[in-house]
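The residues making up each chain are set out below.
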Amino acid sequence: MPDFTDRQWLWLAAACYLAGFALGTVALLRGRRHSRVAMFLTLAAGFAFQTLGLALRGRAVKGCPLGNTFELFQFTAWSSASLFLVIGATFRVSLLGYFTAMLAAVLTGVSLAVPAWDAAQRTHIFGANPWIELHAALAVFSYGVFGLLALTSAMFLLRNYSLKSKHVGGWFSFLPSILDLDHIGVRLLGAGVALLTASLAVGAVYWVPHPETVNVAKLLATIAVWLAYAVALGLRLGGALPSRRLAWACVVLFGAALLSLAPVNSSRHPPASATTTPPAASEARKP
Amino acid sequence: MSDAPTFFMLGASHHSAPLALREKLALTPEKIATLRGRLGPAAGVRELAVLSTCNRVEFYGVAGATAVARLEGEFCALQGVAAADFAGARRHAAGGDAVAHLLSVAAGLDSQLVGENEIFGQVKDAYAEASAGGAAGPVLHRVFQKIFQHAKHIRTHTGVAEGAVSVANVAVELALNIFGQLDATRVLLLGAGEIGEKTAKAFQSRGAAGITVASRTLGRAMDLADTLGALAMPFWLAPVKLGDFDIVVGSTAAPEAVVTRAAAAAAMRRRPGRPLFFIDLALPRDIEPAAAELENVFLYNLDDLAKIADANRAAREVEVARARVVVTEKAAQLWKQIGPRLAADGGGAQGAAGEASHPPVAG
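Every chain's residues receive numbers from 1 upward, in the order its sequence appears when written. Written order determines the labels here, with chains lettered from A and ligands numbered from 1. Per-residue local features are limited, in this predicted model, to residues with pLDDT of at least 70; the limit for side-chain atom pairs, both in listing and counting, is 80 or more; totals at the level of whole chains, interfaces and linings are taken over all residues.

K.L.:
What am I meant to see in the overall build of chain B here?
P.N.:
Helix and strand counts for chain B come out as 13 helices and ten strands. By principal-axis analysis of the C-alpha atoms, chain B measures approximately 75 × 40 × 30 Å. Looking at chain B residue by residue over its 363 residues, the buried ones come to 48%. We call two residues in contact when their backbone-placed C-beta atoms lie within 7 Å. Pairs at least 24 apart in sequence give 72% of the contacts found in chain B among residues at least 6 apart. Runs of H or I in DSSP of at least four residues are treated as helices and runs of E of at least two as strands, each being numbered from the N terminus. Here a residue counts as buried when 20 or more other C-beta atoms sit within 10 Å of its C-beta, as exposed when there are 12 or fewer, and as partly exposed otherwise, the C-beta atoms being derived from the backbone.

K.L.:
I keep staring at the pairing of strand β3 (residues 56-63) of chain B and nothing clicks. Help me out?
P.N.:
Each regular strand shows side chains that alternate between the opposite faces of the sheet. All names here are of chain B. Across the eight residues that make up β3, a large majority, eight, are buried. Side-chain alternation along β3 places Arg 56, Glu 58, Tyr 60 and Val 62 on one buried face and Val 57, Phe 59, Gly 61 and Ala 63 on a second face that is also buried. Note that strand β1 (residues 6-13) and β3 share eight bridges and pair antiparallel. In the strand pairing of β3, Ala 12 is matched with Val 57. Taken together, the six bridges between strand β2 (residues 47-52) and β3 define a ladder with antiparallel strand orientation. In the strand pairing of β3, Leu 51 is matched with Glu 58. For two strands to be treated as a pair, DSSP must find at least two bridges joining them. The turn joining β2 and β3, which pair antiparallel and follow one another in sequence, is formed by three residues.

K.L.:
Sorry if this is basic, but what is going on with the nonpolar core here?
P.N.:
The term nonpolar core refers to a group of buried residues, namely Ala, Val, Leu, Ile, Met, Phe, Trp, Tyr and Cys, whose C-beta atoms join them within 7 Å. Ala 171, Val 187 and Val 213 of chain B are the most contacted members of the largest nonpolar core, which has 130 residues in total. The element that contributes the greatest number of residues to this core is helix α5 (residues 130-165) of chain A, accounting for 17 residues. Excluding anything up to four places from it in sequence, Ala 171 of chain B contacts Thr 199, Ala 202, Ile 279 and Leu 305 of chain B. Counting residues in hydrophobic clusters, the runner-up holds 54 residues, among them Phe 8, Leu 51, Leu 109 and Ala 136 of chain B.

K.L.:
Can you walk me through the interface of chain B and chain A in this structure?
P.N.:
How big an interface is tends to be stated in terms of the accessible area lost upon association of its parts. Tallying the contact residues gives 17 residues for chain B and 14 residues for chain A. Residue assignment for the side of chain B that touches chain A shows that the elements contributing at least two residues are α8 (167-179), β10 (297-301) and α13 (302-344) of chain B. Examining the composition of the side of chain B that touches chain A, we find that five residues originate from one element, α8 of chain B, more than from any other. Charged residues are taken to be Asp, Glu, Lys and Arg, nonpolar residues to be Ala, Val, Leu, Ile, Met, Phe, Trp, Tyr, Cys and Pro, and polar residues to be all remaining types, Gly included. For the side of chain B that touches chain A, the class distribution of residues is ten nonpolar, five polar and two charged.

K.L.:
Any chance you could explain unusual backbone geometry here in plain terms?
P.N.:
It is generally the case that most residues other than glycine have a negative phi and that most peptide bonds are trans. Cis geometry marks the peptide bond from Leu 283 of chain B to Pro 284 of chain B; its omega dihedral reads -5°. Inspection of the secondary structure puts Pro 284 of chain B in the loop between β9 (276-280) and β10. The phi torsion at Lys 166 of chain A lies on the positive side, around 65°, for a residue other than glycine. Structurally, the position occupied by Lys 166 of chain A is in the loop between α5 and α6 (178-207). What makes Lys 166 of chain A partly exposed here is the crowd of 18 C-beta atoms within 10 Å. Even without being a glycine, Asn 296 of chain B presents a positive backbone phi close to 70°. Along the chain, Asn 296 of chain B turns up in the loop between β9 and β10.

K.L.:
Mind showing me how you'd approach the domain arrangement of chain B here?
P.N.:
Assigned domains of chain B: these are domain 1 (6-162 + 312-357) and domain 2 (167-309). Here the bounds of each domain stem from an automatic or database domain assignment. Each of domain 1 of chain B and domain 2 of chain B was reduced to a C-alpha centroid, and the two centroids are 41 Å apart.

K.L.:
Looking at this model, I keep getting lost on the domain arrangement of chain A. Mind explaining?
P.N.:
Residue and element names in this part refer to chain A. Split by domain assignment, chain A resolves into domain 1 (1-125) and domain 2 (127-269). On a C-alpha basis, the centres of domain 1 and domain 2 stand 19 Å from each other. Counting residues at the interface gives 25 residues for domain 1, matched by 26 residues for domain 2. Elements represented by at least two residues in the side of domain 1 that touches domain 2 include exactly α3 (69-91) and α4 (96-113). For the side of domain 1 that touches domain 2, the element with the most residues is α3, which contributes nine residues.

K.L.:
Just to check I follow, could you spell out the packing of helix α1 (residues 6-29) of chain A against helix α2 (residues 36-61) of chain A for this structure?
P.N.:
Packed helices, taken two at a time, are described by their axes: the angle between them and the distance between them. Residue and element names in this part refer to chain A. Here the axes come from fitting lines to C-alpha atoms, over the contacting stretch only for helices, and the angles between their N-to-C directions go from 0 to 180 degrees. Two numbers describe how α1 lies on α2: the axes approach to 8 Å, and their chain directions differ by 160°. As far as their axial angle goes, α2 and α1 are roughly antiparallel. Like other packed secondary-structure pairs, α1 and α2 cross with a definite hand, here left-handed. An angle counts as roughly parallel when it lies under 35 degrees, as roughly antiparallel when it exceeds 145, as roughly perpendicular when it falls between 65 and 115, and as oblique in every other case. Whether a crossing is left-handed or right-handed is set by the direction in which the near helix is turned from the far one by less than a right angle, anticlockwise for left-handed and clockwise for right-handed.

K.L.:
Explanation requested: the packing of α8 of chain B against α13 of chain B in the structure shown.
P.N.:
Residue and element names in this part refer to chain B. Orientation of α8 relative to α13, taken along the N-to-C sense of each, is 95°, at an axis distance of 9 Å. Relative to α13, the element α8 lies roughly perpendicular. Across from Val 167, Val 170 and Ala 171 in α8, the residues of α13 making contact are Leu 305, Ala 306, Ile 308 and Ala 309. Its residues placed into classes, the contact of α8 with α13 shows seven nonpolar, no polar and no charged.

Given below as structure tokens:
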């Protein structure tokens, strides 16, 4: 295996995601369906490279790599890709691979293109408490689920537009049925809310006895995101939120959730044991 | 054409024969058996498959020129068609050209409705009939089996078969875009007219879970329900029960809308999260256009469906040129394999591989 640094593996992953996006775009421009196998393999390769990169980064920072905006974006993209590899194969949702490749390419590409987001790597940010690490990992993984939900919601809105406006030909014909997209959306919403709830529950076990360690802005941002998604799920299950409005809500909420990562990240108080390392000194390699 | 046996095609289709002549030329299975009996082994037709559909009667086989002429004569005599009438409409091709023609036919490129799927099954049936009767030999086996592979390739890798081109099938495709699959969908047919019946049958053939017919004349609704194996319902009940159905096909002759926006809204309240698809095939329209403004309600009228069918038809035509390139290439490859063997076997390999690029020779 080549002796790449974590960022080099992550660049490779971004290139794979971009290749998947290009593959789908070219197919759509030619009025053809992209090869499902080629898309799956491209995303699987990107996922594998990203896993290697994040694993190296995890070793370097002595924990789950969630210590700065760069790592949060990378982890969210990784979660979305991993979910696609499961859901895409199970549900055979056409175009989901294309949209996942687009999301992952944007998240990884932007995070790599903004050096300031990775200017400082914090090690030992979770101290010696594995529960906090689990809390953070679950929370960011749920963001990956919400990312995929935003994609299926966008696909729902496109399909709804095509059917309402009676433009069903061209690349609209490659979209899944509106009912399938709705069902997948509700399942993803349920899964995302469950993961975020579990994350908050795990975090609460630690923070309730130590409220002084919790930043109010972070707490409010996290609860607001959780509450918004939970309310959307409740309304949908109660039949009070029609599918199209739910889809819009999921797209908007994911944007808000991504924006909330910044205050959540900047509000962290590193534990006493946490240290900050400039990236040049900490570029991780396979030991 | 020399008298050495080669692979040939002889027949007439909608391209050259008017409907009145095609009616006379059509062969029933019994007549095919009679024709085979009349030809007998001494006629020189080594192998023979007969494709008889509403748009074409075509013979594919292995024979020399004299034997083909005898086949033509026997066929005209059996059908009571003047030889001159048939000669005016007939198409004849040999060697690679005949292979290319058969591939065009099986792929749906030669059909009246380009890309239609039914012809593929009919070619398969013709081959099966020839095989069962012992009329297919090594050449027909090889040609037909390869033709089936290539025809599938063409249908899959070009757009000649993409998109529905009839109103009923467009409606079914739209329903699939909404519901994904139809095995859990319930269809309500308003009116017992012919177009509604065709659409209902199209849904049935794609596995719709249940069909209910409501007509202003209950007797007609019950008759059609019997034909379709469906249920009948009093007409006045239809707007009330609307929410129980996923797809509503309107085809009544009612002077006013049968389903109002208010009725559709009430139906949607009974089925939160589940779409409702209205197909309005009636003139004047059965479904109030304002119903389309409701969330999760999709309304398509006859014009909408016809526009989509026309667009699909135009898209298929564009793909035909691409498909013809594949036909030429595959037919040439196949004839390259078969021609020399046929020649070595005592037959004259008519039509070199390159000849397949020419269109079949019209008689």
